[in-house]
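The primary structure of each chain is shown beneath.
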Amino acid sequence: MIGLPSENLLGTVFGVYLARAKDEEIRKRKVASGGAVTALLTYALEKGIVDGVVTAKRTKGFEGQAIVAHNKEELLETAGNKWSIVPFAARMKAKIEEEDLKRVALVCLPCQAQFFAQMRDFPLLETDFGERIKYIVSLFCMGTFAFEAFLNYLRMKYGIKAEQIKDIHLKKDFLEIVYNDTKLDLPIEEVYSYLQAGCLVCTDYTGTWSDISAGFVESEPGWTLLIARNPKAEELIKNAEKEGYLELREGSHLIGEVLKKAREKLARAQQNMMYLL
Ligand code: SF4
């Protein structure tokens, strides 16, 4: 385990890796990061370590829906950022029961990771399905949109309709909206006022309750930063490398970059909390 002064803000850090998919097809479908989450979960599915991956798939604009992926193709369809929060729990429970899934991996946001990890580690109800959750993978998150309000704003101010939006990327100080064959760069401050109210006071950037956190660091485009939080997560990552699914590099020198984002998120939450008190 890496002893970090930042442990509370980043949670338990067992190992940090820069990773990318060995599979060209996966890499091609990923723009900013290395497709490591897709490759890792493809490995888990193909080797029978899990029998389903619950994740979100973007439908139109910022909207998404929770689906269960059973193979690489279905995982690839979920690639890319989702900028709205997808209602997971009810859909997931129904799917798990319908398909009788016994071992699932979840790809979710830090707030959802906390919910599912608490259900798994400290079950409260007999109807909980925590024992079926094998891995929780959390994506780094600065916030999701109150998408109806934001889409309305984009339509009114820039004439962009939801169905024209092809992709959205967070760049250094702006949000890049790709629509039709063009791009719009929106300054971050302009975008922040359309985040969900809960996101404005959320302090978890990486998903400290997860088994594996995954995200993009600006200094390493084309790679995914993976934080393994326990031995089981570490083993999954290392075995995926051994089996030829992942290319791995040591990533602990980049933890400062992640910490900087985590501190920014904490500072934002503290500032917003002050307004609420
Ligand atoms: S900012 Fe926090 S509350 Fe908002 S979606 Fe991300 S993890 Fe969830």
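Provided above is the structure to which this section pertains.
Note that the structure is a prediction, hence the values are computed from the model and not measured.

K.L.:
Would you take a moment to explain the site of the ligand for this structure?
P.N.:
In the region of the ligand, 10 residues are neighbours, and Cys-111, Cys-141, Cys-199, Cys-202 and Lys-265 sit closest. Among the residues making up the shell around the ligand, the classes are represented as 7 nonpolar, 2 polar and 1 charged.

K.L.:
How should I be thinking about the packing of aromatic side chains in this particular structure?
P.N.:
Geometrically, a pair of aromatic rings is defined through the distance of the ring centres and the angle of the planes. One pass over the full model with this rule turns up 8 aromatic pairs. With centroids separated by 5.1 Å and ring planes inclined at 45°, the aromatic side chains of Phe-140 and Tyr-205 adopt a geometry described as tilted. With a gap of 65 residues between them, Phe-140 in the loop between β5 (133-139) and α7 (147-158) and Tyr-205 in the loop between α9 (197-200) and β9 (212-215) connect regions that are remote in the sequence. The exposure class of Tyr-205 is buried, given its relative accessible area of 6%. An angle of 20° between the planes, with centres 6.5 Å apart, marks the rings of Phe-150 and Tyr-153 as stacked. Taken together, the residues Phe-150 and Tyr-153, both in helix α7 and 3 residues apart, mark about one turn of the helix. Tyr-153 gets classed as buried once you look at its relative accessible area, which sits at 17%. Taken together, the aromatic side chains of Phe-145, Phe-150, Tyr-153, Tyr-158 and Tyr-194 make up a single cluster linked through ring pairs. If you follow Lys-232 out to its NZ or CZ, it ends over the ring of Tyr-135, 5.1 Å from the centre. The lysine or arginine in question, Arg-249, covers the ring of Trp-223, its NZ or CZ lying 4.7 Å from the ring centre.

K.L.:
Would you explain the layout of surface pockets in this entry?
P.N.:
Each pocket or cavity is described by its volume, and for the second largest pocket that value is around 200 Å³. Taken together, 15 residues make up the lining of the second largest pocket; nearest its centre are Met-142, Leu-170, Lys-172, Ile-188 and Tyr-192. When residues of the lining of the second largest pocket are traced back to their parent elements, those giving at least two are α8 (188-192) and α11 (255-276). With 4 residues, the single largest contributor to the lining of the second largest pocket is α8. Looking at the lining of the second largest pocket residue by residue, the class counts come to 9 nonpolar, 1 polar and 5 charged. The residues that make up the lining of the second largest pocket include at least three from each of domain 1 (15-142 + 205-275) and domain 2 (145-194).

The rules behind each value
Residues numbered from 1 in each chain as written. Predicted model: local features only at pLDDT ≥ 70, side-chain atom pairs only at ≥ 80, totals over all residues. Heavy atoms only, no water. Near = heavy atom within 4 Å. Nonpolar A, V, L, I, M, F, W, Y, C, P; charged D, E, K, R; others polar. Phe/Tyr/Trp six-rings, centres within 6.5 Å; stacked < 30°, edge-to-face > 60°. Helix = DSSP H or I, 4+ residues; strand = E, 2+ residues; numbered from the N terminus. Buried < 20%, exposed > 50% of the residue type's maximum accessible area, 1.4 Å probe, protein only. Lys NZ or Arg CZ within 6 Å of the ring centre and 35° of its normal. 1 Å grid on protein atoms, 1.4 Å probe; cavity = no way out; pocket = protein on both sides within 12 Å on 5 of 7 lines; lining within 4 Å. Points joined across faces, edges and corners; volume = space filled by probe spheres on them. Domains from an automatic or database assignment.

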